[in-house]
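Below are the chains, spelled out letter by letter.
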Amino acid sequence: MEIKKIDELHRKACEEGKDSYIDPETGYLVFTELFHKRRGHCCNSGCRHCPYKKKEKTTK
């Protein structure tokens, strides 16, 4: 799927105050940036629209 299409779906879902949208190519539910901000932290799962920087894992 084109990045442009995903960006449009995400923008529209955010404008409507939605927590998620369905990726039409995969059928997966995708959380919006709004959802992540409401949750308040990164889960480090590599979410598509995560507004938080992923914490780097440190090795000893």
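Everything below is about the structure shown above.
Residues numbered from 1 in each chain as written. Predicted model: local features only at pLDDT ≥ 70, side-chain atom pairs only at ≥ 80, totals over all residues. Heavy atoms only, no water.

K.L.:
Describe the overall build of the protein, listing the residues and the values that go with them.
P.N.:
Counting its secondary structure elements, the protein contains two helices and two strands. In the protein, the succession of α and β elements from N to C terminus is α-β-β-α. Out of the 60 residues in the protein, the part that is buried amounts to 15%. Carbon and sulfur atoms form 51% of the exposed surface of the protein, whose accessible area is close to 5000 Å². (Helix = DSSP H or I, 4+ residues; strand = E, 2+ residues; numbered from the N terminus. Buried < 20%, exposed > 50% of the residue type's maximum accessible area, 1.4 Å probe, protein only. Areas by Shrake-Rupley, 256 points an atom, 1.4 Å probe, with all protein chains shown as cover.)

K.L.:
Residue-level account of the environment of serine 20, with values.
P.N.:
Counting through the fold element by element, serine 20 comes out in strand β1 (residues 20-22). With a relative accessible area of 22%, serine 20 lands in the partly exposed category. Expressed as a C-alpha distance, the spacing of serine 20 and glutamate 33, which sit 13 residues apart in the sequence, is 8.7 Å.

K.L.:
Residue-level account of the side chain of threonine 32, with values.
P.N.:
Following the sequence through the fold, threonine 32 ends up in the loop between β2 (29-31) and α2 (33-39). By relative accessible area, which is 0% here, threonine 32 ends up buried. Reaching out from threonine 32, the side chain makes a polar contact with the backbone oxygen of lysine 18 at a distance of 2.9 Å. Discounting residues that sit within four places of it in the chain, threonine 32 has contacts with His10, Ala13, Cys14, Lys18, Asp19, Ser20, Tyr21 and His49. (Polar contact = N/O pair within 3.5 Å; in protein donor to acceptor, adjacent residues only side chain to side chain. Contact = heavy atoms within 4.5 Å.)

K.L.:
Account for the packing of aromatic side chains, with residues named and values stated.
P.N.:
Scanning the model with the defined rule gives one aromatic pair in all. Geometrically, the ring pair formed by phenylalanine 31 and phenylalanine 35 is stacked, given 4.0 Å between the ring centres and 15 degrees between the ring planes. (Phe/Tyr/Trp six-rings, centres within 6.5 Å; stacked < 30°, edge-to-face > 60°.)

K.L.:
Now, about unusual backbone geometry: what can you tell me, with residues and values included?
P.N.:
Phi angles above zero are rare outside glycine, and asparagine 44 is one such case at about 60 degrees. Inspection of the secondary structure assignment puts asparagine 44 in the segment after α2. Given the relative accessible area of 33%, asparagine 44 is considered partly exposed.

K.L.:
Just give me the short version of a nonpolar patch on the surface, but keep the residues and values in it.
P.N.:
Together, Ile22, Leu29 and Phe31 give the surface a local cluster of nonpolar side chains, amounting to about 270 Å² of exposed area. As for its position among the elements, isoleucine 22 is in strand β1. Isoleucine 22 gets classed as partly exposed once you look at its relative accessible area, which sits at 47%. (Patch = residues over 30% accessible without salt bridge, like charges linked within 9 Å, V, L, I, M, F, W, Y side chains within 5 Å. Salt bridge = Lys/Arg side-chain N within 4 Å of Asp/Glu carboxyl O.)

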